[in-house]
Amino acid sequence: MLIKGFARELKKGSAELLILSLLEHRARHGYEISKLIEQRSEGVLQFNVASFYPLLYRLEERGFIEGRWVEKARQRRRRYYRVTAEGRAVLKEQRSAWASFVGAVNRITGEGHA
Amino acid sequence: MPEWKREIREALAGAKFKADAGREEAVVDELAQDLAERYEDLVREGVEEAEALRRLRGELREPGFLVGLRPRLEARRESVMPGVEKQEGLLAGVQRDVRLGVRLLRANPAFALVAILSLALGIGANTAIFELLDVVLLRTLPVAAPEQLAEVQLIHAGRTGNSVARQNILSSAQWREIQKQRQGFSEIAAWSTESLNLGSGGEARYAKGLWVSGDFFQALQMNPELGRLFARSDDHKGCGVQGVVLSDAFWHRQFGGALDVLGKTLSLDGLPFQIIGVTPASFSGLEVGFTFDVALPLCSEPALNGDEPWTNDATTWWLAAIGRLKPGWRVERATAQLNAVAQGIFTATLPAEYDAAAREKYLKFTFRVLPAATGVSELRANFVAPLFVLLGISGLVLLIACANLANLMLARASAREREMALRVTLGASHGRLLRQMLVESLLLAVIGAASGAALAQVLGRGLVSFIGKRIQSTFSATVAGLARAVFHDGTGGVHVFVVWRCARAASREVRSGNGDEGRWARSYVRAAGVDVEAGADCLAGSALAGADGRGAAFRAHVSQFGVGERGAATERRAGGRL
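Position labels on residues start from 1 in each chain and follow its written sequence. For this description, chains carry letters from A and ligands carry numbers from 1, given in the order in which they are written. Where local features are concerned, this predicted model is filtered to residues with pLDDT of at least 70; where side-chain atom pairs are given and counted, the filter is 80 or more; whole-chain, interface and lining totals use all residues. Computation of side-chain values covers all heavy atoms of the structure but excludes hydrogens and water.

**A closer look at the environment of Phe216(B)**
Residues and elements named next belong to chain B.
Turning to step 1, where the next piece is worked out: Elements are defined by DSSP. Helices are runs of H or I of four residues or more, strands are runs of E of two residues or more, and each kind is numbered from the N terminus. By the secondary structure assignment, Phe 216 is in helix H8 (residues 216-219).
Turning to step 2, where the next piece is worked out: Relative accessibility under 20% of the residue-type maximum defines a buried residue, over 50% an exposed one, and the middle range a partly exposed one, all with a 1.4 Å probe and only protein chains included. With relative accessibility at 0%, the residue Phe 216 sits in the buried group.
Turning to step 3, where the next piece is worked out: As for Phe 216 and Trp 191, which are separated by 25 residues in sequence, their C-alpha atoms are 7.6 Å apart.

**A look at the interface of chain B and chain A**
Many authors give the size of an interface as the accessible area that is lost as the parts come together.
Turning to step 1, where the next piece is worked out: It only takes one pair of heavy atoms within 4.5 Å for two residues to be counted as in contact. At the interface, 23 residues of chain B touch 21 residues of chain A.
Turning to step 2, where the next piece is worked out: Buried area between chain B and chain A, summed over both chains or domains, comes out near 2,000 Å², and the portion from carbon and sulfur atoms is 48%.
Turning to step 3, where the next piece is worked out: Buried area: the accessible area, evaluated with a 1.4 Å probe, that two parts lose upon being put together, summed over both parts. If you sort the residues of chain B by the area they bury against chain A, Glu30(B), Gln33(B) and Arg72(B) come out on top, with a joint share of 32%.
Turning to step 4, where the next piece is worked out: Here a salt bridge means any side-chain nitrogen of Lys or Arg lying within 4 Å of a carboxyl oxygen belonging to Asp or Glu. For the pair chain B and chain A, the number of links is six salt bridges.

**A short note on the sheet that holds strand S1 (residues 28-29) of chain A**
Where strands meet in a sheet, backbone hydrogen bonds hold them as pairs that are either parallel or antiparallel.
Residues and elements named next belong to chain A.
Turning to step 1, where the next piece is worked out: One open sheet accounts for three strands, arranged S1-S3-S2; its pairing is antiparallel. Among the strands making up the open sheet, the edge pair consists of S1 and strand S2 (65-70).
Turning to step 2, where the next piece is worked out: A pair of strands is treated as paired once DSSP finds two or more bridges between them. Relative to strand S3 (residues 78-83), S1 runs antiparallel, the two being bridged by two bridges. Across the sheet, the residue bridging to His 29 is Tyr 80, located in S3.

**Some details on the state of the cysteines**
All names here are of chain B.
Turning to step 1, where the next piece is worked out: When two cysteine sulfur atoms lie within 2.5 Å, the pair is treated as a disulfide. Taken as a whole, this structure holds one disulfide over all chains when the rule is applied.
Turning to step 2, where the next piece is worked out: Across a sulfur-sulfur distance of 1.8 Å, Cys 239 and Cys 299 are joined as a disulfide pair. The sign of the 100 degrees torsion about the S-S bond sets the Cys 239-Cys 299 disulfide as right-handed. Taken as a pair, Cys 239 in the loop between strand S5 (226-227) and strand S6 (243-246) and Cys 299 in the loop between strand S9 (294-297) and helix H10 (301-305) lie far apart in primary sequence, 60 residues in all. Each member of the pair Cys 239 and Cys 299 is classed as buried.

**Some points on helix H11 (residues 331-340) of chain B**
All names here are of chain B.
Turning to step 1, where the next piece is worked out: The complete set of buried residues in H11 reads Val 331, Ala 334, Thr 335, Gln 337 and Leu 338. For H11, the angular spread of buried residues about the axis comes to 165 degrees, placing them on one side. Exposed side chains of H11 directed beyond 90 degrees from the buried face belong to Glu 332 and Ala 340.
Turning to step 2, where the next piece is worked out: In the core, the buried residues of H11 are packed alongside strand S1 (149-155), helix H7 (172-180), strand S3 (185-197), strand S11 (320-325), helix H12 (342-348) and strand S12 (366-371). As used here, the arc is the angular range of directions from the helix axis to the C-beta atoms.

**Observations regarding a nonpolar patch on the surface**
Residue and element names in this part refer to chain A.
Turning to step 1, where the next piece is worked out: Among the surface-exposed residues, Phe 6, Leu 10, Trp 98, Phe 101 and Val 105 lie close enough to one another that they form a single nonpolar patch of about 470 Å² accessible area.
Turning to step 2, where the next piece is worked out: Going through the elements one at a time, helix H1 (2-22) and helix H4 (85-109) are the ones with two or more residues in the nonpolar patch.
Turning to step 3, where the next piece is worked out: Looking at the nonpolar patch element by element, the count peaks at three residues for H4.
Turning to step 4, where the next piece is worked out: Within the element layout of this structure, Val 105 appears in helix H4. Two joining distances apply to patches: 9 Å for like charges and 5 Å for nonpolar side chains (Val, Leu, Ile, Met, Phe, Trp, Tyr), and every residue must have over 30% relative accessible area and no salt bridge. A 1.4 Å probe and the Shrake-Rupley method give the accessible areas. Residues count as covered only by the protein chains that appear here.

**Examining the packing of aromatic side chains**
Aromatic ring pairs: the centre-centre distance and the angle between the two ring planes describe each pair.
Residue and element names in this part refer to chain B.
Turning to step 1, where the next piece is worked out: Pairing of aromatic rings covers Phe, Tyr and Trp, the last counted by its six-membered ring, and requires centre-to-centre distances within 6.5 Å; plane angles under 30 degrees mean stacked, over 60 mean edge-to-face, and any other angle means tilted. Enumeration according to the criterion identifies 17 aromatic pairs over all chains in this entry.
Turning to step 2, where the next piece is worked out: Residues Trp 4 and Tyr 39 carry aromatic rings whose centres are separated by 6.0 Å and whose planes lie at 65 degrees to one another, so their mutual orientation is edge-to-face. Of this pair, Trp 4 sits in helix H1 (residues 4-12) while Tyr 39 sits in helix H2 (residues 21-44); the two residues are 35 residues apart in sequence, bridging distant segments of the chain.
Turning to step 3, where the next piece is worked out: Trp 4 gets classed as buried once you look at its relative accessible area, which sits at 4%.
Turning to step 4, where the next piece is worked out: On the numbers, 6.3 Å between centres and 35 degrees between planes, the contact of Phe 217 with Phe 230 is tilted. Of this pair, Phe 217 sits in helix H8 while Phe 230 is found in the loop between S5 and S6, placing the two residues 13 residues apart along the sequence.
Turning to step 5, where the next piece is worked out: Look at Phe 230 and you get buried, because its relative accessible area is 3%.

Any functional reading would require information beyond the geometric quantities listed.
Pasting the structure below:
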């Protein structure tokens, strides 16, 4: 139970970074982002509808990403999100902070010190 | 395949906030696509359809779902400008609405002219007539507790004698008897009027004289502006030429408001009267439409009228009586009390020269006590009925003007449908469009009311000259009433209610997906038309009941006039020299 709660907190803390990272190079729709997180984390990180979209909308409200409806031939109209300039700056900061955080945690908990 | 849009809407129905319709639609669309793909993936992975459906429904029922979506969905005010995130206050951009309203009026000068003239004529006529009604009927005397004041009237079927003043109700003998037997009055006083010559030789210059009994000013509970007013001790038989009290207007006109006027001598009909005091500026007499310059005690009358003084003649009707009713006494009770002693009064004052027929008539005289809070007036008898007729006609004119205006607004609807539809298409909220309509109609109402106020002055002066230049202009109170009326128009409930209903109707149309934007636009314009009409009604009503909250007094006087004043008027007409 405690481990589950710890994992949830980690997921919550890294969610923004994950979404911004996936939108760094190309625009994606919501389900695509959610699916990619699940695939690339090999099922460790999963977001359901109730937790993912509020997060996505919050990023948009803060101006880190922006969404627009796109219609493509023979496809349903979908809302694609792309990272904004402000979002890129935030991504850079978060990525750097995350790397140093993980490095620090690894240095303390890593096998190399055992 | 489950109906995901319906599932999401059901989940959102539990929200405790008001969602913006457009945002909700977009979120439902996006989430439905996501859920549909998740469902397909789950089924493809081998999960039972029912189980997949249960899982995804469960996600929609998670407590954090609605809380998380609230910032996205909650209705908020539109931004000041498209593309600007900052939300606007309730009145932000009103200046732009006003500017647009002015531009639209200038672009349609014919419409603007007809609309403003219609309102101005309706409001101006009503205001001018009400102004006169106010003076003639509603305004109370500027004395303490005017509601306690009552006048004594004489009821008779014809009498023999001389009516030498406008106040031709009582003889001196009758006044003295009434003074002795006035149980219902705590104070009672007699008064009359006469023109007095100010010149001491050469060309005659007349002052408006006011004869008063010694307790006149005490009965009115009045304090002097300067010096002192008459007391009972000043009014005694054979007082001859004594003091005179000036009105404030006469004091300023004749003496420039000099403080050393006390003790100076004023020549009246060639006799020197010493100035003892000045009345307050607010008091100009008891008669509506008549002012006075100088007040003299009744006891000085024989000195001025020489060989045939009115005071000593039992058949000269020259006095009126006004008094202050005792607490708990009403005019009906005072009338009954005076009539109970009337036989004794008329027996004691019976003129010796009357023949048998005249005596019989005289002894049948009775009294009636009438309220005198608004002073006494012959103008009421002569002009109130025509003024009411005029007021009724001008009210109808205002109604017709309003109907015309509403029609004009509706006629403009076809021209503005495209404008409204375009603005809706560009993203204007219905609240914003309704505010624009409201501002435009307010603009018309304010300009119409201001023009009406200006017109009321002209019409008022015309009516005054028609009545005989005896009524002073009183426009300040009327302007205050109009200002209040404009305020009523701005905040009154009627047109806001109409606009609110229109907004609700428009919103329903959008939600139900009826794309008839022309119908929506027509509803805005129709709302504006009704709004102007309701606003103008409000203006007229407020102008009528406006200044100083005289609505209740107005109604009271109307009912009183219907019963009492008409009878008194008939008597006055019959009460001249017979």
